[in-house]
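Fold and geometry: a report
Listed here are the chains, written in short residue letters.
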Amino acid sequence: MNAPTDFATSDTLIGPFTALVDAEGAVLASGWTADAECLRQLIHPSLRPAQLRRRDELGAVTRAIAAYHRGELTAIDPIAVRQRSGEFLMHAWEVLRKIPAGDPVTYTEYAAISGRPDATRAAANACARNAAALFVPCHRVLRIGGALGGFRWGLPVKRWLLDHEGGNAQLTIE
């Protein structure tokens, strides 16, 4: 069994945002919810904690969440993230962290920059299986033509994030 994991929920302009961090302060899971148990279930079984401990704040992680939502879009970049999966997903999540705010890409482009240009579905799967929303910004990947596609935390949240980052004003919800 893994050691207990700390979590905290922050109020943001688009609702509660909860992050779960390991003993070293790396984000294991995060998203726009107050349900830490829901987030715990997203963590790979080999990293999944047996227990959660509520904290008022999580230091640098809480500060980065607040700063990002205030408009400091790069505040999330230095925060460590720990996820586990197969080789392609691990690489694809690292690639997601390099997509700049305000410059979204399509799933096809994301597959190409992840090194597998013919693997658009695998790229979409990497976004769907990402447990560390915001810190691994899967919201920056769109369908061809600007349609938002899917997002675990809802399309209104994805639209807000892209608008907040100065993304394409021609986004459509499908």
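Residues numbered from 1 in each chain as written. Predicted model: local features only at pLDDT ≥ 70, side-chain atom pairs only at ≥ 80, totals over all residues. Heavy atoms only, no water.

With that settled, the discussion passes to the overall build of the protein chain. Counting its secondary structure elements, the protein chain contains 6 helices and 6 strands. Shown N-terminal to C-terminal, the secondary structure of the protein chain runs as helices and strands in the order β-β-β-α-β-α-α-β-α-α-β-α. Relative to the compact-globule value of 16 Å for 174 residues, the protein chain shows a C-alpha radius of gyration of 15 Å, a close match. Here the C-alpha coordinates of the protein chain stretch approximately 45 × 35 × 25 Å along the principal axes. (Helix = DSSP H or I, 4+ residues; strand = E, 2+ residues; numbered from the N terminus. Rg over C-alpha atoms; globule rule 2.2 N^0.38 Å.)

Attention shifts here to the pairing of strand E3 (residues 27–31). Burial of E3 is extensive: 5 of the 5 residues sit out of reach of the surface. Here 4 bridges tie strand E2 (residues 15–21) to E3, and the two strands are oriented antiparallel to one another. When the sheet's bridge partners are listed, Ala19 is paired in E3 with Ser30. If you look at the hairpin formed by E2 and E3, you'll find 5 residues sitting between the two strands, and Gly25 has a positive phi there, around 90°. (Buried < 20%, exposed > 50% of the residue type's maximum accessible area, 1.4 Å probe, protein only. Pairing = 2+ DSSP bridges.)

Attention now goes to the packing of aromatic side chains. Under the criterion given, the structure shown has 3 aromatic pairs. Judged by centre distance (4.8 Å) and plane angle (70°), the rings of Phe17 and Trp32 are edge-to-face. One end of the pair, Phe17, is in strand E2; the other, Trp32, is in the loop between E3 and helix H1 (36–42), and 15 residues separate them in sequence. Among the residues examined, Phe17 registers a relative accessible area of 0% and is labelled buried. (Phe/Tyr/Trp six-rings, centres within 6.5 Å; stacked < 30°, edge-to-face > 60°.)

With respect to the secondary-structure elements, Thr12 resides in strand E1 (residues 5–12). Here the side chain of Thr12 touches Gly15 through a polar contact of 2.4 Å, landing on its backbone oxygen. With residues near it in sequence (within four places) discarded, Thr12 still touches Phe17, Trp32, Ile65 and His69. (Polar contact = N/O pair within 3.5 Å; in protein donor to acceptor, adjacent residues only side chain to side chain. Contact = heavy atoms within 4.5 Å.)

Okay, the nonpolar core next. With 54 residues, the main nonpolar core has Trp32, Val61, Leu96, Tyr110, Phe135, Val141 and Phe151 as its most contacted residues. Sorting elements by how many residues they give to this core places helix H3 (residues 87–96) first, with 6 residues. (Core = buried A, V, L, I, M, F, W, Y, C linked by side-chain atoms within 4.5 Å.)

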